[in-house]
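Listed below, chain by chain, are the residues.
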Amino acid sequence: MTGQLKDLQTNRGFFWLLLSVLLASACTYDDEPQPRKHQGKSTPESPLESPVTNYNNIKDDVFLTRWTLLEPVQLGSTEKDLEAAHSQELIKVNDLWGSIKTGKISLNSEPRNWKSIHSGFSYIHLDRYLEPTTFAYTYAAAEIESDKKAKGYFGVGSNAALKIWLNGEIIHKSAIGTGISPDQYLVPYNLKKGANQLIIKVLREDKGWSFLFRPLSEIAADNAFVNLSPSLPYDELDKFLQSGFDIDARNNLGLTSFNIANRSGDTERQNALIERGANTKITAPDTAVQISNYFDSLYYRGSSGFSYLIAQNGKVLAKGGRGLANVAAHMPNDTETKFQVGSITKQFTAASILQLKEKNLLSLNDPLTKYFPSLSKTTSVTLRHMLNHTSGLFEPDGSKSPFSQPIEPTDLIKTLENQDLYFKPGEQWRYSNAAYVTLAMIVEKVSDLSFGEYVKANIFLPLGMENSEIYRSNQPVTNGATGYAVVDERTVKALDQNVSGLHGNWTGATGLISTAEDLFIWNEDLHNGHVLSDKAYTEATSATVFPNGFTPHVEYGFGIAIENIAGHKALGHAGELPGFHAELLHLPKEKFTVIFLANTNRWELKYKARTAEKVIQVMLDDE
């Protein structure tokens, strides 16, 4: 495979997910960037003038971001209540549509209002626009004007149960899912010439309720079909084939359904596909071609993008970039472009604490109050609890979240002084940026250096990481990528992040600026005993054990998440900031490493399937 991948090293191009979302679900803050205001249209999250959301000739592969929403209808929490809400309607769909023009309707003898919203982004988080609630449902509506009859497929994704009507006819029904990604469902549609009425019922249990919705081009529909084919019941597979899908269609890796079944060893599925006319002579592309195809499928020309580095056994197999680090300057992304890497910073914060511990300058069993005596409500919290996210420390949100107004370390400490712990330390797991900001302050207290100075002297310089730094507010970054948001298919600058001034804000939780090349140096040295002692490394890369039997949704060591990818242990972290997304993933047994740094908020790069994980799965399939 090494030889196959060498050709990729000279290619430039662009590609696509916290750890999904590893940590996206764990973080309590919101990572969407703020769009710029523009004349003639409302800004995202603001009401629209017309009660009926209207689209004129929808475009393939463009997400519908404007909807008219009904106030939630509360439900009971029993299985019977949920089943009834999913199978029955309190009002005819045509009457429901008619009520939009008046802006209100009565359900369960209670008046409810319609309101129009504009997300501007790919996905619709209903909690943003509706009163937060559990065990409830709502309706989202839009009118699609078409200048001719048209048929095709909608790509739909949701973590909630859905029912979809088009012109009064139900075209889709699905149960509550465990996650959300684009094009989870392929929904056939037939638009008539003129106005078409689209209504989605979204039913929430105790989890989130978000959805994505877009009409698909033929290429995108083929990709979704091939990716869904391994799990499709045969009667559904037949329906898709009868509707016109090609049994030999390829996905964005260049694989057919038969290639996938053959690769997984699913002989039953292979035989079923052969019976349906699959061409067994179409061979799967080489690994290098698959990865290149994958990157290319995610690239939007003239837009921001990413850099990547793929390695095995300490040798770089492929590296390069796609898209622009700075759109205005037409500066391309490559492996020496500097990106804000968000929470990957936590690996460096944890390593700094462990280094100081090995110098006997602190103990992991030290109570937090040793360094901040005023935190009297945290007497049972130790540095160990903070490292593995079991401290239960309060996490500031709202106006003092990492992605809104800056908060200085002294303000954070004052906030923590007045807040109870979420739980008894060591008994549960809750991702905590506040803990890592506080750990960085402890590094400063113990070393008598700023956090940036300590990391530079003890990690960057010894390892030769010449293009890494801890970000200082308003400090220009040479060869640095600009973070971009994609709002209504327009690339705009994301929120200017003030996350890590020389003395704080969120330094320690975030703040690192680095390159793919430097992170490769870090990864190799960290996992080969050049940063920590064997004992400290083992502790940092071992999942936290809970004596009370508690099972966290994420296994975590010290600044390192521990995962299972197709039966293989993986160590890494992801990072999110407005306009930036970063992934660092390493398989210790196979010695695979994938580094992915992006300067865009596009959904495809974050939540469909982690890019680093996708690349590793392709590499594992080739082993």
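Basis of the calculations
Residues numbered from 1 in each chain as written. Predicted model: local features only at pLDDT ≥ 70, side-chain atom pairs only at ≥ 80, totals over all residues. Heavy atoms only, no water. Axes fitted to C-alpha atoms, helices over the stretch in contact; angles between N-to-C directions. Helix = DSSP H or I, 4+ residues; strand = E, 2+ residues; numbered from the N terminus. Parallel < 35°, antiparallel > 145°, perpendicular 65-115°, else oblique. Left-handed = near helix turned anticlockwise from the far one by under 90°. Contact = heavy atoms within 4.5 Å. Nonpolar A, V, L, I, M, F, W, Y, C, P; charged D, E, K, R; others polar. Buried < 20%, exposed > 50% of the residue type's maximum accessible area, 1.4 Å probe, protein only. Pairing = 2+ DSSP bridges.

Participant: Just checking my understanding: could you explain the packing of helix H8 (residues 287-296) against helix H16 (residues 611-621) for this structure?
Facilitator: For any two helices packed against each other, the geometry comes down to the angle between their axes and how far apart the axes lie. One can describe the packing of H8 onto H16 by two numbers: an axis separation of 10 Å at closest approach and a directional angle of 160 degrees. Taken together, the axes of H8 and H16 lie roughly antiparallel to each other. As for how H8 packs across H16, the hand of that crossing is right-handed. Packed against H8, whose contacting residues are Thr287, Gln290, Ile291, Tyr294 and Phe295, the element H16 presents Thr611, Lys614, Val615, Val618 and Met619 at the interface. Considering only residue class, the contact of H8 with H16 consists of six nonpolar, three polar and one charged.

Participant: Quick question: what am I supposed to make of unusual backbone geometry here?
Facilitator: Negative phi characterises most residues that are not glycine, and trans characterises most peptide bonds. Here Asp61, not a glycine, exhibits a phi torsion of approximately 70 degrees, which is positive. Mapping Asp61 onto the fold places it in the loop between strand E1 (54-56) and strand E2 (66-70). Residue Asp61 is classed as partly exposed on the basis of its relative accessible area, which comes to 27%. Its identity as a non-glycine residue notwithstanding, His389 has a phi of 65 degrees, on the positive side. For His389, the location among the structural elements is in the loop between helix H10 (383-387) and helix H11 (409-417).

Participant: Is there a simple way to explain the sheet that holds strand E13 (residues 210-215) in this structure?
Facilitator: Pairing between the strands of a sheet is mediated by backbone hydrogen bonds and can be parallel or antiparallel. Taken in spatial order, the four strands line up as E6-E13-E8-E11 in an open sheet, and their pairing is antiparallel. Edge positions in the sheet fall to strand E6 (124-125) and strand E11 (185-191), since each of these pairs with one other strand and no more. Two elements, strand E8 (residues 150-158) and E13, share five bridges in a ladder whose sense is antiparallel. Note that in E13 the partner of Gly155 across the bridge is Arg214.

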